[in-house]
Every structure is written in structure tokens, then in C-alpha cells.
Amino acid sequence: MTSCLFCKIIEGSIPGEIIYEDDHVVAFMDIGPVSEGHLLLIPKTHRENIYDMTEDEAARLFSVAPRIANALKEEFTPAGLNLLQNNGSAAGQAVYHFHMHFIPRFDQTDGFQFTWDPKVEELPQDRIRQIAEGIRSKLQN
Ligand code: 5GP
Ligand code: ZN
């Protein structure tokens, strides 16, 4: 018996308001929503976060995203829609089964914040070029 909350929702051993399911993914309503329609899309296979996903699992999961987004658009006509996916506690991950949030946005007073101060002085263009080189080298492995 799994101890993972989201695996339990997939298995049906705890309740979840499921809105979509296929062989690979499940989408269900978030129990602590930012706004009306806030839901989560997860792989059926237990994966902690993005680092553990195979390319096929990621592709299958995201292939459903436009359909879910359009269902939310049709249902709520929100002013905007954020897709959000947290990896690790420093990034705000609380449940360690990969999940992508779909957060319809109706106004900017809904308490959801996603802003930053651009680090243009600490990270000037030549530093960004160096950083890019480091990442490129990892992708060539
Ligand atoms: P995270 O911070 O890990 O990206 O987001 C976890 C999300 O899971 C939160 O938005 C939280 O409200 C939601 N959540 C936590 N426990 C449950 C649960 O038992 N059922 C459902 N449907 N959502 C949950
Ligand atoms: Zn799980």
C-alpha cells in the first residue's frame, strides 16, 4: 500500500474530484485552490518530480495540457491561466508525486504571486553567456 497521497487518489483509496483520466495520466481538482477551476495533472506512474520523468511520460502528460486548458477556458472564460510545476521544497513542492498546476486567473487580487526582480546587475550578459555554455555542455552528454 503506497504512502503517496496522489497514488492513493489514482487507486481510489482516498477521494479525488477526477476530471480526466486515460492510461497514462489523471487530472483532478486541487483541494486547496487558488481560484475556481484550479486543478492538477499527474502521471499515473509514481514519479517524484521532473527529474524522474521519462521523455515519453512527459510528452504524454503535456499532450493533454491544451485540452484541459481549453476545457477551463470554455467553462470559466478566465482572464488568464498559469501552468505551474514545483520541484523540491525550495521551489515550493509539498507533494512528492509530479504534478502540474492549472490555475485559472480572474484578477490579480487572488493571492497568487509569481513575480521577481530581474537580476540585471548580478547577472549581466557576459555571465549569462557563460551560464548558457555550462548548460549546453550538459545537454550534449
Ligand atoms: P505543490 O506545492 O507540491 O506544488 O502543490 C501541492 C498541491 O496539492 C497543493 O496545491 C495542495 O492544495 C494540493 N493537495 C494537497 N493534498 C491534496 C489532496 O489530498 N487532494 C487534492 N485534491 N489536492 C491536494
Ligand atoms: Zn505517487
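Residues numbered from 1 in each chain as written. Chains lettered and ligands numbered in written order. Predicted model: local features only at pLDDT ≥ 70, side-chain atom pairs only at ≥ 80, totals over all residues. Heavy atoms only, no water.

> Mind showing me how you'd approach the coordination of the zinc ion (ligand 2) here?
Geometry reference: four tetrahedral donors at a metal, ideal angle 109.5 degrees. Six octahedral donors, ideal angles 90 or 180 degrees. Each protein donor to the zinc ion (ligand 2) is listed here as Cys4 (SG), Cys7 (SG), His46 (ND1) and His97 (ND1); together their distances run 2.0 to 2.3 Å. If you look at the zinc ion (ligand 2), its four donor atoms make angles of 105 to 117° with each other, and the shape they trace is tetrahedral. Expressed as a motif, the donor residue spacing for the zinc ion (ligand 2) is C-x2-C-x38-H-x50-H. Separated by 39 residues along the polypeptide, Cys7 in helix α1 (residues 5-11) and His46 in the loop between β3 (39-43) and α2 (55-63) bring together distant segments of the chain. With relative accessibility at 9%, the residue Cys7 sits in the buried group. (Donors = N, O, S within 2.8 Å, 3.2 Å for Na, K, Ca; no water. Tetrahedral: all angles 85-135°; square planar, octahedral: opposite > 155°, others 65-115°. Helix = DSSP H or I, 4+ residues; strand = E, 2+ residues; numbered from the N terminus. Buried < 20%, exposed > 50% of the residue type's maximum accessible area, 1.4 Å probe, protein only.)

> For this particular structure, what's the right way to read the pattern of salt bridges?
Within this structure, the stated rule accounts for four salt bridges. With a shortest N-O distance of 2.9 Å, Lys44 and Glu21 are connected by a salt bridge. Highlighted residues: Lys44 in the loop between β3 and α2 and Glu21 in strand β1 (residues 18-21), separated in sequence by 23 residues. Assessed through its relative accessible area of 26%, Lys44 is described here as partly exposed. Among the residues examined, Glu21 registers a relative accessible area of 43% and is labelled partly exposed. In this structure, Asp110 engages Arg105 in a salt bridge whose closest nitrogen and oxygen atoms are separated by 2.7 Å. (Salt bridge = Lys/Arg side-chain N within 4 Å of Asp/Glu carboxyl O.)

> I would appreciate a short explanation of the nonpolar core in the present structure.
A general trend in soluble globular proteins is that nonpolar side chains are found buried together. Among the nonpolar cores identified, the biggest contains 14 residues, and Val25, Ala27, Leu39, Leu41, Ile68 and Phe102 are the most heavily contacted of them. When residues of this core are traced back to their parent elements, those giving at least two are β2 (25-29), β3, α3 (65-76) and β5 (100-105). Considering every element that reaches this core, the biggest residue donor is α3, with three residues. Formed by nine residues, the second largest nonpolar core is a distinct cluster that contains Phe6, Ile9, Phe28 and Ile42. (Core = buried A, V, L, I, M, F, W, Y, C linked by side-chain atoms within 4.5 Å.)

> Just checking my understanding: could you explain unusual backbone geometry for this structure?
Note: most peptide bonds trans; most residues except glycine with negative phi. Of note in the backbone geometry, Thr77 takes a positive phi value of approximately 45° without being a glycine. Structurally, Thr77 can be placed in the loop between α3 and β4 (80-84).

> Just to check I follow, could you spell out the sheet that holds β2 for this structure?
Sheet strands associate in pairs through backbone hydrogen bonding, adopting either a parallel or an antiparallel arrangement. If you trace the five strands from one edge of the open sheet to the other, you get β1-β2-β3-β5-β4, paired in antiparallel fashion. This sheet does not close on itself; its edge strands, each paired only once, are β1 and β4. Averaged over all adjacent pairs, the angle separating strand axes in this sheet is 20°, with direction ignored. In this structure, β2 lies alongside β3, joined through five bridges in antiparallel fashion. From the neighbouring strand, Ala27 faces β3, where its bridge partner is Leu41. Across the face of the sheet, α3 comes into contact with β1, β2, β3, β4 and β5 while running at roughly 25° to β5. (Pairing = 2+ DSSP bridges. Axes fitted to C-alpha atoms, helices over the stretch in contact; angles between N-to-C directions. Contact = heavy atoms within 4.5 Å.)

> In this structure, what is going on with the pairing of β2? I would like to understand it.
The two faces of a sheet get side chains in turn, since along a regular strand they alternate between them. Among the five residues of β2, four are classified as buried, and the element is accordingly described as predominantly covered. Both β1 and β2 contribute to a ladder of three bridges, which runs antiparallel. Within β2, the residue paired with Tyr20 across the bridge is Ala27. With antiparallel pairing between neighbouring strands as the criterion, β1 and β2 make up a hairpin whose turn holds three residues.

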